[in-house]
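Here are the chains, one letter per residue:
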Amino acid sequence: MTIERFAVFGHPITHSLSPHIYKAFAEQTGIAMEYTAIDAPAPDFPALLERFAAEGGRGVNLTLPLKEIAFGLCSRTGPRAQFAKAVNTLKCEDDGWYGDNTDGSGLIRDLTGRQLLDLRGRRTLLLGAGGAAHGIAPVLLDAGVLELVIVNRTPARADALMDALGDPARAHSRYWDDLDSQGDFELIINATSAGRGEGVEFDLPLGLCNRMTLAVDLNYGEAAIPFLAWARSAECRNVVDGLGMLVEQAADSFELWHGVRPETDPVYDILRQHNALLVTVD
Ligand code: NAP
């Protein structure tokens, strides 16, 4: 039996949970696959990807800082990737790599399917305008949020994301420094990588939250602690980290490669036992 090769590329990559997730999916579905983590600084990535394909690599996941570079290396991309101009999944096809972006679908599956939260009608604040924010913003609009206010450290990127969404009635960009005057939100999503830094604190106005607010950090583990600590201090009703999204977006990738969707709950439960318990949902 041939064992097909898959890998996650990123830099840094040593702490990636992806090999554990895909090992569990493979065991559960009886699909023989090898899945490794490959450290790839951005300048080295194109050559490393080419070598991986030449050695029989069938599929790839991408994490920071490679999603946009990988998009440029695809011969074909799906609509979600075309909007985000970033891919987190590659599938080897006859004419090269097919690229997709499963971040948005992974987030929605976790929030609505696992946490049983209804996103419809929520006034929503999106912090960040990088690759992940581009992946989730259109999906949030599709999920029926009332309004999407985008704020980013570099304002031009928030403006660009708003323009790309093409929904002026619902999607707006605002300055981070003007958050005080934006009122309150029923959904606040941290799609920044700020929490990965040393000694970071989220110093956001407490008035952004109301008694219904769901606070979501796309990060998990230590990187999620600063934002979720702020969310708890602001007495948000629900607080969710990005661990469930990680498992769901991986399941979407697995399905793209193998045509089979694995059960995510057992894998999520095991990872949750080993991660800080950062989820509180009524
Ligand atoms: P990215 O493309 O590099 O974008 C980073 C974003 O964070 C940008 O908006 C950037 O603002 C902002 N940022 C960075 N440092 C900041 C700081 N000190 N203060 C304020 N804003 C800051 O990264 P990404 O792919 O969007 O990923 C964002 C985060 O989401 C990462 O930590 C990643 O691990 C996480 N993520 C999780 C999942 C999951 O499955 N759970 C999936 C995707 C991403 P500027 O534009 O001003 O630089």
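The structure presented is a predicted model; accordingly, all values stated were derived computationally and were not measured. (Residues numbered from 1 in each chain as written. Predicted model: local features only at pLDDT ≥ 70, side-chain atom pairs only at ≥ 80, totals over all residues. Heavy atoms only, no water.)

A. Representation of the sheet that holds strand β5 (residues 89-93) in the model. The 6 strands lie next to each other as β2-β1-β3-β5-β6-β4, forming an open sheet whose pairing is mixed. What marks the edges here is a single partner per strand, and that holds for β2 (33-39) and β4 (76-77). For β5 and strand β6 (residues 96-100), the ladder comprises 5 bridges, and the chain directions are antiparallel. Bridging across to β6, T89 finds its partner in D100. Its contacts with the sheet put helix α1 (residues 18-29) on β1 (4-10), β2 and β3 (57-62), and the angle it makes with β2 is roughly 175 degrees. (Pairing = 2+ DSSP bridges. Helix = DSSP H or I, 4+ residues; strand = E, 2+ residues; numbered from the N terminus. Contact = heavy atoms within 4.5 Å. Axes fitted to C-alpha atoms, helices over the stretch in contact; angles between N-to-C directions.)

B. Fine view of the packing of helix α5 (residues 103-114) against helix α6 (residues 131-142). α6 packs onto α5 with a crossing angle of 55 degrees between their chain directions and a minimal axis gap of 7 Å. Comparing the axis directions of α5 and α6 gives the class oblique. In this structure, the crossing between α5 and α6 has a hand that is right-handed. Residues D103, G104, S105, L107 and I108 of α5 lie in contact with α6, whose contacting residues are A132, G135, I136, V139 and L140. Here the contact of α5 with α6 is composed, by residue class, of 6 nonpolar, 3 polar and 1 charged. (Parallel < 35°, antiparallel > 145°, perpendicular 65-115°, else oblique. Left-handed = near helix turned anticlockwise from the far one by under 90°. Nonpolar A, V, L, I, M, F, W, Y, C, P; charged D, E, K, R; others polar.)

C. Spatial organisation of the sheet that holds strand β11 (residues 209-217). Here 6 strands make up an open sheet; going across it, the order is β9-β8-β7-β10-β11-β12 and the pairing parallel. Edge positions in the sheet fall to β9 (171-174) and β12 (238-240), since each has one partner strand and no second. Neighbouring strand axes in the sheet, compared pairwise and without regard to direction, differ in orientation by 20 degrees on average. Packing against the sheet, helix α8 (residues 225-233) makes contact with β7 (123-127), β10 (185-190), β11 and β12, and its axis sits at approximately 170 degrees to β11.

D. How the structure looks around the site of the ligand. Every one of the 25 residues lining the ligand counts as a neighbour, but A132, N152, T154, R157 and N219 are closest to it. In this structure, an oxygen atom belonging to the ligand sits 2.7 Å away from a side-chain N or O atom of R157. One of the side-chain nitrogen or oxygen atoms of N219 is found 2.5 Å away from an oxygen atom of the ligand. Summarising the interface, the protein chains cover 83% of the accessible area of the ligand, which totals 920 Å² for the free molecule. Of all the secondary structure elements, the ones that give two or more residues to the shell around the ligand are α3 (67-71), α6 and α9 (243-258). For the shell around the ligand, the element with the most residues is α9, which contributes 3 residues. Partitioned by chemical class, the residues of the shell around the ligand number 9 nonpolar, 10 polar and 6 charged. When residues of the shell around the ligand are sorted by domain, at least three fall in each of domain 1 (4-101) and domain 2 (104-243). (Near = heavy atom within 4 Å. Polar contact = N/O pair within 3.5 Å; in protein donor to acceptor, adjacent residues only side chain to side chain. Areas by Shrake-Rupley, 256 points an atom, 1.4 Å probe, with all protein chains shown as cover. Domains from an automatic or database assignment.)

E. Representation of unusual backbone geometry in the model. Cis peptide bonds are those with omega within 30 degrees of zero, and the linkage from H11 to P12 qualifies with 5 degrees. Counting through the fold element by element, P12 comes out in the loop between β1 and α1. With an omega of -5 degrees, the peptide bond between L64 and P65 qualifies as cis. Relative to the assigned elements, P65 resides in the loop between β3 and α3. Positioned with a positive phi, L116 is a non-glycine residue whose angle comes to about 55 degrees. Inspection of the secondary structure puts L116 in the loop between α5 and β7. Of the residues examined, L116 reaches a relative accessible area of 67% and is grouped as exposed. A positive phi angle, close to 60 degrees, is found at E235, a residue other than glycine. Among the secondary structure elements, E235 is positioned in the loop between α8 and β12. Using a relative accessible area of 66% as the deciding quantity, one classes E235 as exposed. (Buried < 20%, exposed > 50% of the residue type's maximum accessible area, 1.4 Å probe, protein only.)

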